[in-house]
Structures are given as C-alpha cells and as structure tokens.
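The primary structure of each chain is shown beneath.
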Amino acid sequence: MKSRIMSEQDLAFLLYEWLDVEALTSRPRYREHSRETFDAVMELSRELAEQDFAPHNRLGDTHEPHFDGTDVHVIPEVAKALAAFAESGLMAATLDAEVGGGQLPQVVGRAASTWLQAANIATITYPALSVANANLLLAHGSAEQVERFVRPIIEGRFFGTMCLSEPQAGSSLADVVTRAVLQEDGTYRLFGSKMWISAGDHDLSENIVHLVLARTPGAPPGVKGLSLFIVPKFLVNDDGSCGERNDVVLAGVNHKMGYRGTVNTILNFGEGTYQPGGGQGAIGTLVGEEHHGLAYMFHMMNEARVGVGAAAVALGYTGYLHALDYARNRPQGRPAWDKDPSSPQVPIIRHADVRRMLLASKSYVEGALALVLFAALLLDEQLTAETSDARDEAALLLDVLTPIVKAWPSQWCLKANDYAIQVHGGYGYTREYPVEQFYRDNRLNAIHEGTDGIQAIDLLGRKVVMQSGAGLRALHGRISATCARADGDLAAYGQALQDAINRIGGVTMALWADRDPRIALSNSSLYADALGHVVIAWMWLEQMQACAGKSGAFYDGKRAAGAYFFDFELPRIGPTLDLLQRCDTTFSDLDDACL
Amino acid sequence: MKIAVCVKQVPDTWAEKRLRESDRRLDRESADGVLNELDEYAVEEALRLVEAHGGEVTIVSMGPERAAESVRKALSMGADAAIHVSDDGLAGSDALATSLVLARALDGRDFDVVIFGSESTDARMSVVPAMVAERLGWAMLTFAQKVDVDGTTVAIERAGDGETVSVRASMPVVLSVVEKINEPRYPSFKGIMAAKKKPVESLDIASLGLDAAAVGASGAWSEVADFAARPAKAAGTVVTDEGDGGAQVASYLVEQKLI
Ligand SMILES: Cc1cc2nc3c(=O)[nH]c(=O)nc-3n(C[C@H](O)[C@H](O)[C@H](O)COP(=O)(O)OP(=O)(O)OC[C@H]3O[C@@H](n4cnc5c(N)ncnc54)[C@H](O)[C@@H]3O)c2cc1C
C-alpha cells in the first residue's frame, strides 16, 4: 500500500536513479555496504515508523509531557518506540566502525530517517539530539569522555541535549552569561539558567548528558569567550554506572504550539538544590579547550541544520501525501460543465484549484527533499571523495547551501502543510485530521537552530562572500554545468536557470559594492528567498534530467512538478531580483516610531 | 537444536492485488514482495528457542529470485543460514507441489523442529505445514500460541473456541504458530550487515532430484477456472430510528440470515 508517511518510490528514485549512491560503496569507508543493506535500512526505518512511531503521533500531541513539580512524565508509547529504535542499532548507523558505528553513508541515513521524522517528529527528536551530542563529543571530546558519555548514548541508555540558549540570549549567543568556574581537581562548577532546552528532563533514559555553553571568569567578551562543558544529570562513576545527582534542576517546561511530545525545558545549573561532591554548583568537564566552545558547536552545525531542513521536508511531505489521499476520496461538487445536480459528485482532485495546490505542494516537498539529500551526500563527499580538491569543493558547497537547506524547507514545506489544511477544507481545520498538527509541528523549524532571519544574514553576510566569493562561484559552476546538459525539452529550463544564477551573481556584487552592511542587512531575507528558489529550480532540473526517457505516472509526475516550478515559481524571483539590484535600505533606515 | 523456518514471499498484504487474465494467476509484479507477516512469528519463535536452548536457525523458502529479499530479511532478524529453492519450473505450484518441494529440501538435514506461520496472506490455505509433516512422516503440532521444549519433547498450547488444548510430540516435529505467540523483532542494523555474509544455499528442481512434471503449473491438481472482480459496494440500507431502530436492525440481520 502506498504510505501516507513518506514516498518509498521517491526516496528510491532520488538515491539510486538520481544521486547514484550505490557508487559510494566502492569507497573504503562504505565497502561493507551495498544496495541490499541500503534497502534493508530504508525498510527497517519504514517499519519502525509505521509500527512504533506513527501510532502515537497524535497521542503525544494531546498528552504532552507532564511536569509534577519534580519530574517530567512522558507517555509510555514514547519509551517503547525509543527502545525499539535503540534496539535496531540505527542510532549508530552512520558513525565510525571504531566506536561501534556502521559507516552507513550520511545520505542513506538521512533518507531513512525522514520516515521517522514524518511519522513522529516529537519522538525522534530525543535520539536525533542525542546523536548530534554524540557526534560533537566524538569530534572534540577526549577518549575518556567518549568512553564515559558517548558509548551509553550509542547504546540508547543515555540521551543528550544541546544547551546554548538563555532567556536573554537566543539569536545572540554573545550574551550567554552562564558561568563555569575551574576547580582544583580540573572539573568546573557551573552556575546559570538555560532556556528552551529540548529533552532537558524526562524519565526516558538512565541519564541525560547536557552540553552546555558557558563563560569562564576573565574570558573575553562575546562569543570568543564561550567554552563548552559536559554536565550530566547524574555524575557517571568510573565503572560507567550513574552516581550522585548533579545540580541541574528543572525549573519549568514550556508549552508549545507543536513538537509537543518533545519536552522543552528551563534548566537551572548550580542553584543549590543538590550539592554534588559536597559543594555548590553543577559539576561539568571541559570539552576541548577553553574559549573554543562555539566553534565546536558550529562544527556540528551543518549537520544539525541539514537535520532541521530534513524535518521540515518530512513534515511537509507527509502533509502533502495526506492531502493527496483526501483529495482522491472526498466527493464534492461537479465539473463546471455538468449542470445536472443528480449526477454523482466528483472527487475534489478533479477541481483545477485543488490540483493547483497539490502540484505546488509536490514541487515544494519533492524539490526540498532532493536538496536535503544532496546536502547529505555533500557530507559524505566532504569525508570520502577521492581527491582533496573534491573534498574541499564539497565542503565549500555545503557551507554555502546550509542556510538554504535549513530555511527554504522551513518556509516552503510549511506552505505545503498550509495547502494540506486548505485541501481538507473545514475538516482540515479540526483536530479530527492530522494535517493541523503537521502544520503546528513544522512551524518550529523556521525558529530553532538559528531563525530563518539569522540564516539569511549568514547567507548574504558570510557564505556568499567568504573566501572572496568562492562558495558562490562553486555553486554557480555546479548549476551552470547542469544547465549546459539541459537539452531537448529541458533546454528552455536550462536557459531560465542559467539566467537566474547569473543574475544572482550580479545582484550579490551590487549588494556588496559599497561594503555597507546596512544594505546587506536590509536585503538578506529577500536575497535568501531568491537564491533559495534558484537552488530548488536546480534540484528540479536535475530530477527532470534523471527522468529522461522514462515513462509512467511517477516520472510524468516528476516532469509535471518540475515544469510547475519553472513556469510558476522561478519567475516570481524576477521582481525580487530587480528590487535587490536597487540596494534598497528601507528596513535599515526605517524610524521604528512609525511602526 | 536445529530449527528450520519455512517462509514465503507474498505480495504486500495491504496492496490491492490483481489476477492476470492470461493465466489467472496472481500478478506478483503489481505489488511489492514482502516477507509473509505471519512467518515473522515463526522466525521470532525459532530465534527465541535457540536463544533459550542453543542451536541454529535455517530459513527455507521456495520462490522466485526476488524472494531472496525476504530470505535476507529473515536472516537480518538473526537466523543463521538459508536454503532458497528457486526454479522457473516451480511457478504455478499448488499446495501439494509446494509441500513436496519443501519436504524434499528439509529431508535428511537433521532438523529437530520445522516451524511455519499459520498461513500465507496471499493463498491463505493453512495446509502446507500439515502436508510437509505428512510427507516427512513427522509429528505435526498446529496453530501453537505457546511452545515449550523439554529435551526432545515439544509441547504447545492451542487456543480452541472455549478451551486451551495442550499437545505434545517428540522431535522431529513440524509446528505452525499463530500471531498471539510473540511479537516479532525488527531486523537490526547489525543484523542487516551480518546477513550479507550468511550462507544461502540455492537449490532447484534438478538438484532436489524432483520430477519436473510433478511440480509447477503442469503438476498442479487444482486450477483457477474463472474469476471476477468483486462487485462494487452497493448502497447500504439506512435504518432510521423512530423508537424501533433496534428491532429493525434485528429483523434486517434475520432477513440476511446473519443471526
Ligand atoms: C521548541 C524550541 C526548541 C528549542 N530547542 C533548543 C535547544 O534544545 N537548545 C537550545 O540551546 N536552544 C533551543 N531553542 C532555542 C532557539 O534556538 C531560539 O529560540 C532561537 O535561536 C531564537 O532565539 P530567541 O527565541 O531568543 O529569539 P530572539 O533571538 O529574541 O529573536 C526574535 C526575533 O528577532 C530576530 N532577530 C534576533 N536577532 C537578530 C539580528 N541580529 N538580526 C536580525 N534579526 C534578529 C529573530 O530572527 C527573530 O525573528 C529552542 C526553541 C524552541 C522554540
């Protein structure tokens, strides 16, 4: 049966017919793999999604984690699903063999986890955060820290968090004030309060490993003075068992619009509720060196942001599949030319305007899924491409694309969720149908891991100008190569895309001609919109090329959605590019008294 | 203990299945092939038995080449080895022929226990396990919802209408198990990687020493004479409750000879 969670056929098309991921298996890192293992991982993820994750998606939303003043209680279905997930070993699938990982390519791991993200984003967030935490420690922690904290995370016994934000420091981490004071035994004592911490406290695991950004006494101001600490909820004894309670205390939970099954917390460190080791302060150990904390966090940022983009895609995708199914089955009205009220009603998918919404949604979610998998493949390329030039180019491209991979799906796959509600009519606005929850869940993705506004500033302010524009040149080169291959029916699209990316180059130069940050900051979001659409048009041209000579409804669907994107979406950026070319400073100059 | 589990690849249970006009057989291309879900209980039970008593589990399957995917799935759940019988000449085999092939593949390999699921979700006959037992001359314990092994004795519980029946037999024995018996595990990532390296023995009609005329469509004792699509759902009967709704529903059910 066709699933309403994800499309098995689309994932297989993207992995094998477009990205040719089987070719990766000739590289030493992936030698143990084959199409068989990839397919088996995809199938396993689908089974977990269908049997253990999707069934409690609604329940987790209506019964959000409950704080009784001391502890947080999560519905038992979450623990059961997470136990099945831990048991499956998927947690460590992409990690190195030497830490017990399976060296699965990132791109396959990413594709597989869209099943779980689409089935139940709130539940999969617990292990997803834990893996991000483990990855960071594997890259920057000591061998002893890996042994003590990462192994139990991989085994599914400990979960992890990322503690960056504070009430007064969200987008601006320069203002983080949590303090960390070095002790004689080499450990640190932490004092402060963290806001918005996902999975900050719960009864799902033996222990919770917090990674905390904090400032040591006398550290330089701003982000350059931030260090990173491991602060476990329970101190871990030398034999690996959990010991004394650390002074990390839950101060409250936030009640959110979506992702309700993921508990979101305010955590106090070193307030004095517990006195670990007989002293004041939460005990932490330093990761790497002092003052490098943010750099360590950012090292993992590309991966984390691709993960957020993937979540946005998965939620938009499942919304689209639900809308499609509903539209095929909901009878309403008759064709305009049928004046006989006694004739049977037609399913709403026959109405042009409903098809418009569905085709638009299809172009957003399938275009964005392609981008997310392409980005994940760049992670693999960055690690394993044959030449160092190829590895460097992959890293550069990924750097430039990351803000788009995070923000474009957060905006446009959310639009697909919006259309899914619209296609359901009044029923979509009720809690009887899941599409309203998908919308609420997806609304987060434009906010966390750096808001879309911050992504846009990162894109125009840093990524396209870094190394004298090397990133943008690399992107321009890749897109031009695709355009050059576009012939026959696709030639006109190739030309349109080439014109668009050429114009992006010109606009970027214009915006930075005066080196006036007022201009850049005033235009960054519009710029991100325009470049985002160009990149997705590129993804569509690539997909249409991969469909060449193939027939059947699936490939016709790809061609129809690609044509839609080129004919209806890409032209929209024309006026935006005109506006950008003018280097307008309205928003920088505006007197906010007038607002 | 040496356990064999017979598994079948079937078209996705939830997919809409079609019969082919040409030979009135199931169009297997029209749906994805999956490991018969009811066989997963058999695999799980075998794994649990060897976890408790030691031994090894061999998967045995008759089916076209693509059935190798389902064999591999059973291996990635944790089975140790597999036998895959595949031959174009086997297409169209009925239950009798299938049991002949399976019995031949199982015979002489010192299996103590052979486990089947209760039925395949496509053919739904539930007869192959008993036929295999008969051909092998082994004891047959059907529809087990609980299995205990003590030395060479296998005891099962079977749910009857109002009672639970306990049955015992000495090895070698053929078992069929029902869904209630356990909750099958997922394959694990490690299992998936390990499955690639597990031995899969390939057999065909000739290597089993079978008479080609006794199997496949030519050897089938039964034939699909005709088929028709299920008629479209007729409009339902609406009962308007004006105080006598219950009585109306009851008389409708009586009319239809349902009660
Ligand atoms: C459900 C949820 C889960 C979260 N999980 C975690 C977590 O696990 N760990 C963690 O550390 N954090 C987490 N966060 C925090 C999240 O990363 C922050 O909310 C986010 O970075 C924005 O910070 P803020 O909420 O303080 O908003 P602000 O920074 O106050 O931003 C408000 C608005 O101002 C804009 N803005 C701010 N500064 C600028 C600027 N310089 N230029 C232009 N525009 C600007 C923003 O784009 C936004 O539109 C989570 C948040 C939510 C809602």
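Along each chain, residue indices are assigned from 1 in the same order as the chain's sequence is written. As a convention, the first chain written is A and the first ligand written is 1, with the rest following in written order. In keeping with the predicted nature of the model, local features appear solely for residues at pLDDT of at least 70, side-chain atom pairs appear and are counted solely at 80 or more, and the whole-chain, interface and lining totals rest on all residues.

Regarding the overall build of chain A
Secondary structure elements are taken from DSSP: a helix is a run of H or I of four residues or more, a strand is a run of E of two residues or more, and numbering for both begins at the N terminus. When helices and strands are counted, chain A shows 19 helices and twelve strands. Taken over C-alpha atoms, the radius of gyration is set against a globule rule of 2.2 Å times the number of residues to the power 0.38. Taken over C-alpha atoms, the radius of gyration comes to 25 Å for chain A, in line with the 25 Å a tight globule of 595 residues would show. If you line up chain A on its principal axes, its C-alpha atoms span 80 × 60 × 60 Å. Relative to its full complement of 595 residues, chain A shows a buried share of 52%. The contact criterion used is a C-beta to C-beta distance within 7 Å, with each C-beta placed from the backbone. The long-range fraction of contacts in chain A, counting pairs at least 24 apart against all pairs at least 6 apart in sequence, stands at 75%. Labels follow a simple rule on C-beta atoms placed from the backbone: if 20 or more others lie within 10 Å of a residue's own, it is buried; if 12 or fewer, it is exposed; otherwise it is partly exposed.

Some thoughts on the overall build of chain B
Looking only at helices and strands, chain B features six helices and twelve strands. Across its three principal axes, chain B shows a C-alpha extent of roughly 70 × 45 × 40 Å. Looking at chain B residue by residue over its 259 residues, the buried ones come to 38%.

A look at the interface of chain B and chain A
Often, the extent of an interface is quoted as the loss of accessible area upon association of its parts. With 13 residues of chain B at the contact, the number on the chain A side is 17 residues. Contributions of two or more residues to the side of chain B that touches chain A are made by helix H2 (68-77) and helix H5 (189-195) of chain B. When residues in the side of chain B that touches chain A are grouped by element, the largest group, four residues, is from H5(B). Residue composition of the side of chain B that touches chain A, by class: seven nonpolar, two polar and four charged. Polar here means any residue other than Ala, Val, Leu, Ile, Met, Phe, Trp, Tyr, Cys and Pro, which are nonpolar, and Asp, Glu, Lys and Arg, which are charged; Gly is therefore polar.

Things to note about the domain arrangement of chain A
With domains assigned, chain A is organised as domain 1 (159-290) and domain 2 (451-590). Inter-centroid distance (C-alpha atoms) of domain 1 of chain A to domain 2 of chain A is 40 Å. Domain delimitation in this document rests on an assignment produced automatically or drawn from a domain database.

Comments concerning the site of the ligand
Residues and elements named next belong to chain A. Nearness between a residue and a molecule or strand is assessed with a C-beta atom placed from the backbone; a distance within 6 Å qualifies. Near the ligand you find 22 residues, and of these Leu-164, Gly-170, Ser-171, Trp-196 and Gly-453 are the closest. Mapped onto the shell around the ligand, the elements with two or more residues apiece are strand E3 (158-163), strand E5 (188-198) and helix H13 (452-463). Split by residue class, the shell around the ligand holds ten nonpolar, eleven polar and one charged. Both domain 1 (159-290) and domain 2 (451-590) contribute no fewer than three residues apiece to the shell around the ligand.

Points about the sheet that holds strand E6 (residues 113-117) of chain B
Residue and element names in this part refer to chain B. With parallel pairing, the seven strands of this open sheet are ordered in space as E7-E11-E6-E1-E4-E5-E12. Edge positions in the sheet fall to strand E7 (139-144) and strand E12 (200-203), since each has one partner strand and no second. Direction aside, the axes of adjacent strands within the sheet are offset by 20° on average. Should DSSP find at least two bridges between two strands, the strands are taken to pair. Note: strand E5 (residues 81-85) against E12, four bridges, orientation parallel. The residue of E12 that forms the bridge with Ile-83 is Glu-201. Only C-alpha atoms enter the line fits that serve as axes; for helices the fit covers just the stretch in contact. Angles between N-to-C directions range over 0 to 180 degrees.

Details of the sheet that holds strand E10 (residues 164-170) of chain B
Residue and element names in this part refer to chain B. The strand order across the open sheet built from three strands is E8-E9-E10, with neighbouring strands paired in antiparallel fashion. The strands lining the two open edges of the sheet, one partner per strand, are strand E8 (146-150) and E10. With direction set aside, neighbouring strand axes in the sheet form an average angle of 20°. Bridge count for E8 against strand E9 (residues 153-159) is five bridges, and the pairing is antiparallel. The residue bridging Val-147 from the neighbouring strand is Ile-156, located in E9.

Some words on the pairing of E5(A)
Residues and elements named next belong to chain A. With nine of eleven residues buried, E5 is to be regarded as a mostly interior element. Between strand E4 (residues 179-182) and E5, which pair antiparallel and follow one another directly, the connecting turn spans five residues, one of which, Gly-186, has a positive phi of 95°. Relative to strand E11 (residues 264-269), E5 runs antiparallel, the two being bridged by five bridges. Along E11, the bridge assignment pairs Ile-197 with Thr-265.

Quick look at the pairing of E9(B)
One face of the sheet, then the other: side chains in a regular strand alternate in exactly this way. Here E8(B) folds back onto E9(B) in antiparallel fashion, the turn holding two residues, of which B:Gly151 has a positive phi close to 60°. Linking E9(B) to E10(B), which pair antiparallel, is a turn of four residues.

Observations regarding helix H15 (residues 491-512) of chain A
Residues and elements named next belong to chain A. To estimate how far a helix should reach, multiply one less than its number of residues by 1.5 Å. Over its 22 residues, H15 runs 32 Å from end to end, which matches the ideal 32 Å to within 8%, given 1.5 Å per residue. Of the residues making up H15, those classed as buried are Tyr-493, Gly-494, Leu-497, Ala-500, Ile-501, Ile-504, Val-507, Thr-508 and Leu-511. The arc enclosing the buried residues of H15, seen along the axis, measures out at 155°, which places them on a common side. Set apart from the buried face of H15 by more than 90 degrees, the exposed residues are Ala-491, Ala-492, Gln-495, Gly-506 and Met-509. Where H15 is buried, its residues touch H13, helix H14 (466-485), helix H16 (517-546), helix H17 (553-569) and helix H18 (573-581). Working definition: the arc comes from the directions between the helix axis and the C-beta atoms, pointing outward to the latter.

What about the environment of A:Ala470?
Structurally, A:Ala470 is set in helix H14. Along the backbone, A:Ala470 and A:Tyr320 are 150 residues apart, and their C-alpha atoms lie at a distance of 37 Å.

Overview of the packing of helix H11 (residues 388-423) of chain A against H16(A)
All names here are of chain A. H16 packs onto H11 with a crossing angle of 90° between their chain directions and a minimal axis gap of 10 Å. Judged by the inter-axis angle, H11 sits roughly perpendicular to H16. Together, Leu-401, Pro-403, Ile-404, Ala-407 and Trp-408 of H11 and Ala-528, Leu-531, Gly-532, Val-535 and Ile-536 of H16 make up the contact between the two elements. Within the contact of H11 with H16, the residues separate by chemical class into nine nonpolar, one polar and no charged. In what follows, roughly perpendicular refers to angles from 65 to 115 degrees, roughly parallel to angles under 35, roughly antiparallel to angles over 145, and oblique to any angle outside these ranges.

Regarding the packing of helix H6 (residues 121-140) of chain A against helix H7 (residues 143-154) of chain A
Residue and element names in this part refer to chain A. The contact between H6 and H7 brings their axes to 10 Å, and the two run at 155°. One finds that H6 runs roughly antiparallel with respect to H7. H6 and H7 meet at a crossing whose hand is left-handed. Facing Ser-130, Asn-133, Ala-134, Leu-137 and Leu-138 of H6, the residues of H7 in contact are Gln-145, Val-146, Phe-149, Val-150, Ile-153 and Ile-154. Residue composition of the contact of H6 with H7, by class: eight nonpolar, three polar and no charged. By convention, the crossing between two helices is left-handed when the near helix turns anticlockwise from the far helix through less than a right angle, and right-handed when the turn is clockwise.

Quick notes on the nonpolar core
We define a nonpolar core as a collection of buried residues of the types Ala, Val, Leu, Ile, Met, Phe, Trp, Tyr and Cys that are connected via C-beta atoms lying within 7 Å of each other. Counting residues in hydrophobic clusters, the biggest one holds 253 residues, and the most contacted among them are B:Val5 and B:Leu175. Two domains share this core, each providing at least three of its residues, namely domain 1 (159-290) and domain 2 (451-590) of chain A. Beyond its immediate chain neighbours, meaning those up to four positions away, B:Val5 contacts B:Ala42, B:Val43, B:Ala46, B:Val57, B:Ile59, B:Val60, B:Ala74, B:Ala79 and B:Ile115.

Let's talk about the confidence of the model for chain B
Summing up the model confidence of chain B, the mean pLDDT is 92 and the portion of residues at 70 or higher is 100%. Across the interfaces of the predicted complex, the ipTM metric reaches 0.86, alongside a pTM of 0.93. You can read pLDDT as the predictor saying how much it trusts each residue, on a scale of 0 to 100.

Some remarks on H14(A)
All names here are of chain A. Here H14 contains 20 residues, and its C-alpha end-to-end distance of 29 Å stays within 8% of the 28 Å for a straight helix at 1.5 Å per residue. The principal kink in H14, of about 25°, is found at Arg-473. Buried within H14 we find Gly-471, Leu-472, Ala-474, Leu-475, Ile-479, Thr-482 and Cys-483. What we call the bend at a residue is the angle made by axes fitted to the seven residues finishing there and the seven residues starting there.

Some thoughts on unusual backbone geometry
The omega angle of the peptide bond from B:Met171 to B:Pro172 is 0°, so this bond is cis rather than trans. Notably, A:Cys583 is not glycine yet its phi reads approximately 55°, a positive angle. Following the sequence through the fold, A:Cys583 ends up in the loop between H18 and helix H19 (586-589). For B:Phe143, which is not a glycine, the phi torsion comes out positive at approximately 50°. With respect to the element layout, B:Phe143 can be found in strand E7. On the basis of neighbour counts, which here come to 21 C-beta atoms within 10 Å, the residue B:Phe143 falls in the buried class.

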